[in-house]
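Now for the letters of each chain:
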Amino acid sequence: MGILTEIKDAVVRGRVDIKSPYPPEMAGKPGVVELVEQALEEKMDISMVLKEGLVSGMEVVGDKFSSGEYFLPDMLMSAQAMKAGMSILDPHLRGKSIQKLGKVVIGTVKGDMHDIGKNLVAVILEGGGFEVIDLGIDVSAEAFLSNAEEHPGSVIGMSALLTTTRESMRASVELLREKGLSNKIIVGGAVVTQAFADEIGADAFTKDAAKAVPLVKGLLGIAS
Ligand code: B1M
């Protein structure tokens, strides 16, 4: 098995590290932490480790949850494994950019606790040279509004993973528009599409975290 497949498998099985007691049948075997470290030592491409290892593992977890094979605790264990892997990649994704290109205020919308994709977008934007203010999860429309007011000229980023919380995203965009704020808005997350982004009046959408940097540059009129 190649290292990327091993990382993917460890995410699917929720194996965080070699010391973890979970899953019991993998006792003593490396987890995401050791495997990602090994991939970095082998100078593997970071975006491949991210996409073909970690993110691809989470896709399998989603499918297993949809089909009833996995339950909430399984998803949680996999999320922990994914986060452990992300924390190792984090400094490599952030890069060493010193000069800030602009400010992005980002959060997962009200009612939604999913933060892995949002965190990824935040880290990649920081790596791309932006100052990122992360409001966390379950962010109300009012909180997006007050932050947009506090940081004029910032781009507002919203993430939603649930069909139900797409409506919170709509409400947040509507509130900013109603109050006449000129901040540009970028949206994303598994349930968001370009059509939905257009429908609610967002300025940009991407399903690929890596595309957030050129998109935000475009919104701020910065040449790529
Ligand atoms: Co949940 N969950 N979950 N979950 N979960 C999904 C989203 C689901 C699709 C699973 C499924 O049924 N197949 C489903 C939603 C169905 C729907 O509404 N259409 C679901 C459900 C139902 C639920 C609960 C309701 C389950 C329950 O309680 N019965 C519950 C809801 C809790 C809540 O939020 N109120 C719940 C809970 C959880 C956990 C807590 C266990 C855990 C989250 C842990 C955490 O985030 N800290 C979890 C997980 C892990 C998932 C899956 C398996 C993985 C999500 C993930 O992290 N993906 C997910 C299935 C799936 O998506 N395949 C699922 C990896 C991540 C990198 O991708 O976030 O899409 P993603 O981000 C991408 C892009 O979308 C984009 O960039 C990223 C990478 O390129 N992107 C942006 C994201 N945000 C962006 C913002 C941008 C731009 C791009 O600009 C600002």
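Let me begin by describing the structure that accompanies this report. These figures come from a predicted structure and were not determined experimentally.

## Regarding the packing of aromatic side chains
Under the criterion given, the structure shown has zero aromatic pairs. Over the aromatic face of Phe196 sits the side chain of Arg166, whose NZ or CZ is 4.3 Å from the ring centroid.

## A closer look at the pairing of strand β1 (residues 103–108)
Within a regular strand, the side chains alternate between the two sheet faces. Across the six residues of β1, five count as buried, placing the element largely inside the fold. Alignment of β1 against strand β2 (residues 131–134), held across four bridges, turns out to be parallel. Residue pairing for β2: Ile106 is matched across the bridge by Asp134. Taking the sense of rotation as the criterion, the β-α-β connection linking β1, helix α5 (residues 116–127) and β2 turns out right-handed. Bridge analysis of β1 against strand β3 (residues 155–159) gives five bridges, and the strand direction is parallel. Note that in β3 the partner of Val105 across the bridge is Ile156.

## Examining the site of the ligand
Residues in contact with the ligand amount to 35 residues; listed here are only the nearest, Ser66, Met113, His114, Asp115 and Thr163. Lys83 is positioned such that a nitrogen or oxygen atom in its side chain is 3.5 Å from a nitrogen atom of the ligand. Measuring from a nitrogen atom of the ligand, one finds a backbone N or O atom of Gly189 at 3.5 Å. Elements that contribute at least two residues to the shell around the ligand include exactly α3 (46–66), α4 (72–94), α5, β3 and β4 (185–188). Split into classes, the residues belonging to the shell around the ligand amount to 19 nonpolar, 11 polar and five charged.

## A few points about the coordination of the cobalt atom of the ligand
For a metal bound by four donors in tetrahedral geometry, the ideal donor-metal-donor angle is 109.5 degrees, whereas six donors in octahedral geometry ideally sit at 90 or 180 degrees. Exactly one donor from the protein chain reaches the cobalt atom of the ligand: His114 (NE2), at 2.2 Å. Tracing the backbone through its elements, the reader meets His114 in the loop between β1 and α5.

## Points about unusual backbone geometry
Apart from glycine, the bulk of residues carry a negative phi angle, and the bulk of peptide bonds sit in the trans form. Cis geometry marks the peptide bond from Tyr22 to Pro23, where omega comes out at -10 degrees. Even without glycine at this site, Lys43 takes up a positive phi of about 60 degrees. When its relative accessible area of 73% is taken as the criterion, Lys43 is described as exposed. Located in the positive-phi region is Asp138, a residue other than glycine, with phi close to 55 degrees. With respect to the secondary-structure elements, Asp138 resides in the loop between β2 and α6 (141–150).

## Considering the pairing of β3
With respect to burial, β3 is a largely interior element, five of its five residues being buried. Along β3, one buried face is formed by Val155, Gly157 and Ser159 and the opposite face, lined by Ile156 and Met158, is buried too. Of the strand pairs in this sheet, β3 and β4 are connected by four bridges, and their pairing is parallel. From the neighbouring strand, Met158 faces β4, where its bridge partner is Val187.

## Re the pattern of salt bridges
A complete count under the given rule lists 11 salt bridges for this structure. The partner of Lys51 in a salt bridge is Asp208, and the shortest N-O contact between them spans 4.0 Å. On the criterion of sequence distance, the pair formed by Lys51 in helix α3 and Asp208 in the loop between β5 (204–205) and α9 (212–219) is long-range, its members being 157 residues apart. The class for Lys51 is partly exposed, based on a relative accessible area of 47%. Glu69 is paired through a salt bridge with Lys64; the nearest N and O atoms lie 2.9 Å apart. Shared partners join several salt bridges into a network, and the residues in it are Asp9, Arg13 and Glu25.

The rules behind these values
Residues numbered from 1 in each chain as written. Predicted model: local features only at pLDDT ≥ 70, side-chain atom pairs only at ≥ 80, totals over all residues. Heavy atoms only, no water. Phe/Tyr/Trp six-rings, centres within 6.5 Å; stacked < 30°, edge-to-face > 60°. Lys NZ or Arg CZ within 6 Å of the ring centre and 35° of its normal. Buried < 20%, exposed > 50% of the residue type's maximum accessible area, 1.4 Å probe, protein only. Helix = DSSP H or I, 4+ residues; strand = E, 2+ residues; numbered from the N terminus. Pairing = 2+ DSSP bridges. Right-handed = clockwise from strand over helix to strand, strands pointing away. Near = heavy atom within 4 Å. Polar contact = N/O pair within 3.5 Å; in protein donor to acceptor, adjacent residues only side chain to side chain. Nonpolar A, V, L, I, M, F, W, Y, C, P; charged D, E, K, R; others polar. Donors = N, O, S within 2.8 Å, 3.2 Å for Na, K, Ca; no water. Salt bridge = Lys/Arg side-chain N within 4 Å of Asp/Glu carboxyl O.

Bear in mind that shape data such as this cannot, by itself, settle questions of function.
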